[in-house]
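Here is how the chains run, residue by residue.
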Amino acid sequence: MKSNPVMILGLTLIAGLLAVAPVRAEEAPANCEVPAYLLTSESKLPKVETAIAGDRRLEILVVGSRSSSIPSSEASAYPGRLQAMLKEALPKVAVNVSVELQVKKTAEEVAGGLVKLVELKKPTLVIWQTGTYDAIRSIDPDDFRAGVEDGVAALQKAGVDVILMNLQYSPRTETMISAPPYLDNMRVVAQQHDIPLFDRFAMMRHWSDAGDFDLSSTSHGPDLAKRVHDCLGRALSKFVIDAAHVNPAQQN
Amino acid sequence: MSSIADQIAGPSASDAAATSAPAITLPAAGERELRLDLFRGLALWLIFIDHLPPNILTWFTIRNYGFSDATEIFIFISGYTAAFVYGRAMLESGFVIATARIMRRVWQIYVAHVFLFTIFLAEISYVATNFNNPLYSEEMGIMDFLKQPDVTIIQALLLRFRPVNMDVLPLYIVLMLFLPVILWLMKWRPDVSLGLSVALYAATWQFDLYLSAYPNGTWFFNPFAWQLLFTFGAWCALGGAVRMSAILSSPITMWICFAYLLAAFFVTLTWHLPQLNFLMPKRLEQWMYPISKTDLDVLRFAHFLALAAITVRFLRKDWPGLKSPWLRPLILCGQHSLEIFCLGVFLAFAGHFVLAEISGGAGLHFLISVVGILIMSGMAWVISWYKNSADKNAKKKGAVGNADMAGGG
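Residues numbered from 1 in each chain as written. Chains lettered and ligands numbered in written order. Predicted model: local features only at pLDDT ≥ 70, side-chain atom pairs only at ≥ 80, totals over all residues. Heavy atoms only, no water.

**Some words on the sheet that holds strand β5 (residues 197-198) of chain A**
Residues and elements named next belong to chain A.
1) Next: Pairing within the open sheet is parallel, and its 5 strands lie in the order β2-β1-β3-β4-β5. The open sheet terminates on both sides in strands that have one partner only, identified here as β2 (94-101) and β5.
2) Next: Here strand β3 (residues 125-129) runs beside strand β4 (residues 161-165); their pairing, made up of 5 bridges, is parallel. Residue pairing for β4: I127 is matched across the bridge by I163.
3) Next: On the sheet, helix α3 (residues 78-89) packs against β1 (57-64), β2, β3 and β4 and is oriented at approximately 170° with respect to β2.
4) Next: Strand contacts of helix α6 (residues 141-157): β3 and β4, with the helix running at about 170° to β3, the strand carrying the most contacts. (Pairing = 2+ DSSP bridges. Helix = DSSP H or I, 4+ residues; strand = E, 2+ residues; numbered from the N terminus. Contact = heavy atoms within 4.5 Å. Axes fitted to C-alpha atoms, helices over the stretch in contact; angles between N-to-C directions.)

Here is the structure:
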């Protein structure tokens, strides 16, 4: 084996091109399409499945921070949109989505109060959106993971299904807020506890790359926020239905 | 069997040994290890690309094909060259003089870091005043620290407050601060010093050692862990590489390295193609993740070692390509690493800014990356030209050559 850096370089280039190919193919021009793999999860929502098929009642609780709302137009935020889309997809099921905003709290602080919230609202499914405030405060990623783990474990013990939702993709603050450690740790917790992770970050980045939204816009109006939240709500409803193994056609 | 050793330490390792202290050996002066410059230049380019938002070029950075990334290369080569330059100074001029010169270098890096921080402040202040999208009302909370500029600036000067992507220089400063101690120990017993470094690394994992940051959390690159790579670089520079040559030239090592790199490649493939995730055994996932960058996970360190072993094996010191004009920009960048690193961080800021202001899509993205690399290479060329002509003038006046000029640290 004589040295052959040219060949090694060539192979690297080919590997790079191969890696690029599938990503390019996913880019869809439609206004907010989501790649299929982001809408499915290996992990299941068994309690949601029985709630839909058996009880015909689905109570969802969204626990989130300020990015789960739109200032001064709450109904247009993704939890409200989720409720509308689920009702549309499952007309025979009584769907109710409620929201608990935990503003300016770290995952660890929110985790402590989760069980109380569950006792109060008695949901079948808790969608826990977290990570942003921890990233802003640059909380130690290990502490963050421990916080998310505690919260998820407590929720599972309380007998509800759980979906984790990660951070928003925010190009303007990319050089100021370091999202990757928090994204990685949420993925790890989701894997370890076998719960679905709704990858909001990847979706929003996909929309931004595909040109569906200009997420760097300096506009001060709520229009962009409303459209993004509508798409998030739509994607989230598909995600819940997929993970619950419900075929909407059979429910009608 | 001397070929590999020659590749690593230069042909005159044995001559140098005769004139230096018994414990360590230094390659002959004057002969630059172009491979070090080449790979440090490459690391600088990759760090720049990794600091930009993901684009086509991002697929060419090594972090997509394994566990380790450009940071490992940068820190290792920095340890290597720093030990090479200042180790010689310590042998020739003694501990005090060498320490003084290292401190001067630390000061330069510190000033560079503060300069970058100023640019960051300007950028963040601009965004805070001009960007107020309701979609990101929560993310704008990052601006809260502008309400207390006094505290923030002082914490930044203490290296405790560090914006995103500005973590490498503080790590570098701390490692350089301890370089005199490392070199002094190396002069005494290189292998014992490396052993102490491994022990500190192990203790970091065992007892969770860290440096705290402001307002929360810890240093992104934990110096207690990353010192292992820096010290290992120093150890290689001071004769370790020669002593390892038997291991490095063994085919068993080569195959182990290839196997490990391939395994790492498959694992990283599952990150990019989540459809493949079902192939990963759950047990393995639970044991392996998260792969800590903060504490330089063993998997990352091993990945770097495998890459380095393969590289020194197949890319020979006397490979004529190293002198080719095509690799010249990379080598020049590597030779002026501090300046080019800072420029890269600045250009990454600027690139983010341009991308946010003009939504030009993938084409603009690519253009920004390429222009950035061209600017870095152009600047490296200018610095090199200036230093060469300044050196010539200095020689006419009979001044002594400066080891820093040789790209120290």
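From this point, things continue past the structure.
**Quick look at the interface of chain A and chain B**
1) Next: With 59 residues of chain A at the interface, the matching set in chain B holds 50 residues.
2) Next: Overall, the association of chain A and chain B removes approximately 4,900 Å² of surface from exposure, summing both partners, and the carbon and sulfur fraction of that is 62%.
3) Next: Its largest share of buried area at the contact with chain B, chain A owes to R172, T175 and M176 of chain A, together 16% of the area lost on that side.
4) Next: At the junction of chain A and chain B, the tally comes to 2 salt bridges. (Buried area = accessible area lost by both parts, 1.4 Å probe. Salt bridge = Lys/Arg side-chain N within 4 Å of Asp/Glu carboxyl O.)

**Comments concerning unusual backbone geometry**
Residues and elements named next belong to chain A.
1) Next: Although it is not a glycine, K122 sits at a positive phi angle of roughly 45°.
2) Next: A relative accessible area of 61% means that K122 is categorised as exposed.
3) Next: Backbone geometry at S138 places phi at a positive 40°, although glycine is not the residue there.
4) Next: Relative to the assigned elements, S138 resides in the loop between α5 (132-136) and α6. (Buried < 20%, exposed > 50% of the residue type's maximum accessible area, 1.4 Å probe, protein only.)

**Side note on the packing of aromatic side chains**
Residue and element names in this part refer to chain B.
1) Next: This structure, assessed with the given rule, holds 27 aromatic pairs over all chains.
2) Next: With a centroid separation of 6.2 Å and 65° between ring planes, the pair formed by F161 and Y214 is classed as edge-to-face. Here F161 is found in the loop between α6 (149-157) and α7 (168-177), whereas its partner Y214 is found in the loop between α9 (190-207) and α10 (223-243), with 53 residues between them in sequence.
3) Next: Residue classification places F161 among the buried residues on the basis of a relative accessible area of 9%.
4) Next: Geometrically, the ring pair formed by W255 and F258 is tilted, given 5.9 Å between the ring centres and 50° between the ring planes. Of this pair, W255 and F258 both sit in helix α12 (residues 251-272), separated by 3 residues, roughly a single helical turn.
5) Next: Overall, F258 belongs to the partly exposed group, its relative accessible area being 30%.
6) Next: Put simply, the rings of F76, Y80, F232, W235, F301 and F304 touch in pairs and so form one group of aromatic residues.
7) Next: Taking the ring centre of F84 as reference, the NZ or CZ of R88 above it sits at 5.7 Å.
8) Next: Above the plane of the ring of W219 lies R162, whose end atom (NZ or CZ) is 4.7 Å from the centre. (Phe/Tyr/Trp six-rings, centres within 6.5 Å; stacked < 30°, edge-to-face > 60°. Lys NZ or Arg CZ within 6 Å of the ring centre and 35° of its normal.)

**A word on the pairing of β2 of chain A**
Residues and elements named next belong to chain A.
1) Next: Pairing geometry for β1 and β2, over 8 bridges, is parallel. Bridge pairing links G64 to L101 in β2.
2) Next: What joins β1 to β2 is α3, and the crossover it makes is right-handed. (Right-handed = clockwise from strand over helix to strand, strands pointing away.)

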